[in-house]
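# Fold and geometry: a report
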Amino acid sequence: MPQLNKNLQKLFNAAQRQQRLGIGLMSGTSLDGLDIALCSFEGSGIDTQFRLLQFTTIPYTPDFKLAVQQVFAQKQVSLEQVTLLNAYIGSFHAKLILQALTIWKVPVAGVDFIASHGQTIYHAPKHQHQQPGYDSATLQIGDGDHIAIKTGIMTISDFRQKHIAVGGEGAPLALYGDVLLGSQPGEDRILLNIGGIANLTYLPGDSDLSKVICTDIGPGNTLIDAACREYFDQPFDEDSKIAYSGKVSETLLDALLYHPFFNETLPKTTGPELFNLSYVADAQQATRLLNIGKADLVATLSAFTGRAIAQFIRSNFTSGNIKLFASGGGARNPFIMEYLTNALPGVSIGNTDALGINPDAKEAILFALLGNEALCGEPLAIGTNPAVLMGKFSFAF
């Protein structure tokens, strides 16, 4: 009888193991750094048992951020630069993983897999690009083969492509992790992630997976961060100091919310390809508020994120006993969280710490979980979302 080659045998052994050790990687649109989550898993699907063992975020250097920003969310870029970055980011992320494992005193041989999100440089859902003859598409760079070879650990990557291939939009993928890790019978929950883009997952207390909703809502931190970089030479609005020093323009806020995206059929996705400073400038032009104070602009963009989220929740969920758990960088933005508390008086609002999930680590944990599912799970039908296992395997030798 033919023997499996060594790579396939290693994959088979990992899938059969009672407990697996996996690393989840997340590098978001804010380019803060690489989130690295070391997780242990037992089982798969709704029977998954999970523990976060270690977590760190290794900040990116200014040069790295600039290199990515030159090809990020733009229709025309240097193809050579994209090609070079695809390999470079994979190798660079591998270096950061090995650095973290050394600090944690975890041997490479003890890790079964790495699950890498990659670095998104363009996200193009069909409703947004509207190019005849083309469906939804997305592109994440940071090649998995380079991670696998440089670390010596089997790597699973490029998760979003399979989701698109079977008819999805490639996002938000939080759905699968939220259902497996965040559901609670008898309690209606919303898991809200405020990263560059804000998305949420609604988890009904009756555990009916056909009722689950997971969708992007609108901008999270992306516009706030962009304005802080452009006008204050700061990467983000720390402790909402700028927003609190300004005044919200209700006129500009109404204009920002006047876009077809907010009335699109669910689920829907978006990104900085739409919500960028050009989008803001168009709204300023329409309202003749080109000379609005810069602090007032940051306050208004912060309110934009809060109002878009609050309006979505009020419009789509009528239960009087919903508990909301927030994660992502926006969960640490006092202005946004205060706005949500005031706008949603009937909703209990906290963060995912209450669920035993580090809010900063949540997305990296999600991809570790998706890696575990790719290794030993089965497709799970949730709402109108594709029932599919995602991820491409790269072997270490």
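My aim in this report is to walk through the structure given alongside it, one point at a time. Counting restarts for each chain: residues are numbered from 1 in the order of the written sequence. Totals for whole chains, interfaces and linings use all residues, but because this is a predicted model, local features are given only for residues with pLDDT of at least 70 and pairs of side-chain atoms are given and counted only at 80 or more. Only hydrogens and water are removed before side-chain values are computed, so all heavy atoms of the structure are retained for them.

## A few points about the overall build of the chain
The following threshold applies: Strands are runs of DSSP state E lasting at least two residues, helices are runs of H or I lasting at least four, and both sets are numbered from the N terminus onward. Using C-alpha atoms as the atom set, the radius of gyration is obtained and then compared with a globule rule of 2.2 Å times the number of residues to the power 0.38. Burial classes: relative accessible area under 20% of the type maximum marks a residue as buried, over 50% as exposed, and values in between as partly exposed (1.4 Å probe, protein chains only). Only heavy atoms matter for contacts: two residues are in contact if any of them lie within 4.5 Å across the pair. Only the protein chains shown count as cover for residues, with accessible areas throughout obtained via the Shrake-Rupley method and a probe of 1.4 Å.
Across its full length, the chain carries 14 helices and 12 strands. Here the C-alpha radius of gyration of the chain, 21 Å, is about what a compact globule of 397 residues would show, namely 21 Å. Taken over the C-alpha atoms alone, the chain extends approximately 75 × 50 × 45 Å along its principal axes. Each of the 397 residues in the chain was classed as buried or not, and the buried ones make up 54%. The contacts of the chain with a sequence gap of at least 6 include a subset with a gap of at least 24, amounting to 69%. When the accessible surface of the chain is split by element, carbon and sulfur atoms take 51% of a total near 17700 Å².

## Some remarks on helix H5 (residues 144-151)
This is how the line gets drawn: Think of it as the arc spanned by the lines of direction from the helix axis to the C-beta atoms. Within 3.5 Å is the distance limit for a polar contact, defined as a pair of N or O atoms, with the added protein rule that one can donate a hydrogen and the other accept it, and that residues adjacent in sequence qualify only through two side-chain atoms.
Among the residues of H5, Gly-144, Ile-147, Ala-148 and Thr-151 are the ones counted as buried. Angular distribution of buried residues about the axis of H5 spans 95°; they occupy a single face of the element. Contact partners of the buried residues in H5: strand S1 (19-27), helix H3 (79-104), strand S4 (113-124), strand S6 (155-157) and strand S12 (392-394). Between the side-chain oxygen at the start of H5 and the backbone nitrogen of Asp-145 there is a gap of 2.9 Å, and the oxygen is on Asp-143.

## Observations concerning the environment of Val-108
Here Val-108 lies in the loop between H3 and S4. Note on Val-108: relative accessible area 30%, which makes it partly exposed. When the C-alpha atoms of Val-108 and Ile-153 are compared, they prove to be 7.0 Å apart, with 45 residues separating the residues in sequence. Filtering out sequence-adjacent residues up to four positions away, Val-108 remains in contact with Leu-98, Leu-101, Thr-151, Gly-152 and Ile-153.

## Remarks on the nonpolar core
Defined as follows: Only buried residues count toward a nonpolar core, which is a set of Ala, Val, Leu, Ile, Met, Phe, Trp, Tyr and Cys residues joined through side-chain atoms within 4.5 Å.
Counting 49 residues, the largest nonpolar core has Ile-190, Leu-192 and Phe-304 as the members making the most contacts within it. Apart from the residues lying within four places of it in its own chain, the contact partners of Leu-192 are Asn-199, Leu-200, Ile-217, Ile-309, Leu-324, Phe-325, Ala-326, Ser-327 and Leu-340. If you look at the next biggest cluster of nonpolar residues, it comprises 39 residues, including Ala-14, Tyr-176, Leu-369 and Met-390.

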